[in-house]
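# Descriptive analysis of the structure
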Amino acid sequence: MNRLLDDTLRHLHALVGFDTRNPPREIGTGGIFDYLRAQLPGFEVTVTDYGAGAVTLHAVRGAPKRLFNVHLDTVPDSPHWSADPHVLRVTADRATGLGACDIKGAAAALIAVAQVTDGPMAMLFSTDEEANDARCIAGFLKALPPLPLGEGRGEGPVGAGITGDTGPSPQPLSRGERGYRYDAVIVAEPTKGEAVLAHRGIHSVLMRFAGHAGHASGEQKPSDSALHQAVRWGDAALDFAAAQSHERFGGLTGLRFNIGRIEGGIKANMIAPTTEVRFGFRPLPTMDPERMLETLRTLVEPAPAEFTETFRGDSLPAGDTATAEARRLAARDLADELEIPVGNAVDFWTEAALFSAAGYTAFVYGPGDIAQAHTADEWVALDQLQHYATTIHRLVARGNA
């Protein structure tokens, strides 16, 4: 399989050479997508532009049962890189380049496997995972929702659209697009070659407190200073987060909570009329985010003048307390069937949660270590790349993809 690794590195060199930093969200349908199109003869390829740098390429060959998803966008490079981040450097044990670990290495391996096999295979490449404004997966799921339970899957092209027992009949996609349904989605992120079945959700919130400007020499009511309100809220919020330490799911414990920014006030002898707070929390799959949001909004009096959720990502598996464990077990059964070792749950968020929320069985699996992602001189171990490529080759060659 050394040839497979050589092919993977050849494609990774090309992929790293394309500037897909996000921001600035300037990715179009050419460039890296022209390269992908050229590498996938025999695949039916559909490229969709959702705007703001969000582009997908859906490639299908035969009648696959599972979909491999990988994002092609990267974070911006830092000034601490020791060499050009868009030129892949390969040494005896690693490949270094922007996105090599997160997660162009997996994309390169998928292309390499596609070129040396002829079995059924489906891939979805996307470019907005790093944007905090997910359009690609949402658009794909709108066009290709999972089949309702009990209906056949993995049987090749069918009309795509709204499905279910009631409502209008499914409408075919426009010319040039053919709907495919899958029974599972395997999302590539750096997991050291193990299947990750569960991870936290993520929620980001912007709050604003309102007070009354004035001289700080006088006695103040609790509502006078917006900054005092924010500090009282922060104290209560940290206590609330600490109180969740007993909660557990799939190896994860407690609530991850962070106050990321507090900005307000004018000077020490003036009462602050406004204060802005940005915070985030990462719940377990069994925690109710709506209830948590309401609790955090009403922790102190007066309540914040503005409370806006700026980003939401479901946990993996998505669902409520009653269904989360059943979904995790379904993903575990699939990983066992595919002979992919199961690893521990993780604290970081992935787009596998979006597929899970739509009803797909989904887990995360890819080469590399998350500790290397988003770092200067980001790298992926060659043995990780080879293991991933070999596993995907086995699945496609045996018709298990």
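A few points on the structure. Keep in mind that this is a model prediction, so the values were computed, not measured. (Residues numbered from 1 in each chain as written. Predicted model: local features only at pLDDT ≥ 70, side-chain atom pairs only at ≥ 80, totals over all residues. Heavy atoms only, no water.)

### Here's the deal with the packing of aromatic side chains
Scanning the model with the defined rule gives 8 aromatic pairs in all. For the pair F279 and F307, a centre-to-centre distance of 6.1 Å together with 50° between the ring planes defines the contact as tilted. Taken together, the residues span a long stretch of sequence, with F279 in strand β16 (residues 274–282) and F307 in strand β17 (residues 306–313) at a distance of 28 residues. F307 sits in the partly exposed class, given a relative accessible area of 22%. Ring geometry for F311 versus W349: centroids 5.7 Å apart, planes at 90°, classification edge-to-face. With F311 in strand β17 and W349 in the loop between α7 (321–337) and α8 (352–358), this residue pair connects regions lying 38 residues apart in the sequence. The two residues F311 and W349 agree in class, both being buried. Ring-pair connections join several aromatic residues into one group, and the members of that group are W233, F257, F279 and F307. (Phe/Tyr/Trp six-rings, centres within 6.5 Å; stacked < 30°, edge-to-face > 60°. Helix = DSSP H or I, 4+ residues; strand = E, 2+ residues; numbered from the N terminus. Buried < 20%, exposed > 50% of the residue type's maximum accessible area, 1.4 Å probe, protein only.)

### A word on the nonpolar core
Formed by 57 residues in total, the largest nonpolar core has its most connected members in L12, M121, M123, F125, F363 and I392. Among the elements that line this core, the one with the most residues is helix α3 (residues 100–116), at 12 residues. In this structure, I392 is in contact with F68, L110, V113, M121 and Y365, ignoring residues within four places of it in sequence. (Core = buried A, V, L, I, M, F, W, Y, C linked by side-chain atoms within 4.5 Å. Contact = heavy atoms within 4.5 Å.)

### Remarks on the sheet that holds β16
The 4 strands are arranged β14-β16-β10-β17 in an open sheet whose pairing can be described as antiparallel. In the strand order of this sheet, the two ends are held by β14 (256–264) and β17, each with one partner. Across the sheet, the mean angle from the axis of one strand to that of its neighbour is 15°, orientation sign disregarded. Set on the sheet, helix α5 (residues 226–242) makes contact with β10 (202–210), β14 and β16; between it and β14 the angle comes to about 175°. The sheet contacts of helix α6 (residues 289–297) involve β10, β14, β16 and β17, and relative to β17 the element is tilted by about 155°. (Pairing = 2+ DSSP bridges. Axes fitted to C-alpha atoms, helices over the stretch in contact; angles between N-to-C directions.)

### A short note on the layout of surface pockets
Its volume calculated, the largest pocket comes out at about 490 Å³. Lining the largest pocket are 23 residues; nearest its centre among them are E129, E130, N132, W349 and H374. Of the residues contributing to the lining of the largest pocket, the split by class is 10 nonpolar, 5 polar and 8 charged. (1 Å grid on protein atoms, 1.4 Å probe; cavity = no way out; pocket = protein on both sides within 12 Å on 5 of 7 lines; lining within 4 Å. Points joined across faces, edges and corners; volume = space filled by probe spheres on them. Nonpolar A, V, L, I, M, F, W, Y, C, P; charged D, E, K, R; others polar.)

### A look at helix α2 (residues 32–39)
Turning to α2, its buried residues number three or more, namely I32, F33, Y35, L36 and Q39. Down the axis of α2, the smallest arc covering the buried residues is 155°, so these residues share one side. Against α1 (2–17), β2 (54–61), α3 and β6 (121–126) lie the buried residues of α2. (Arc of directions from axis to C-beta.)

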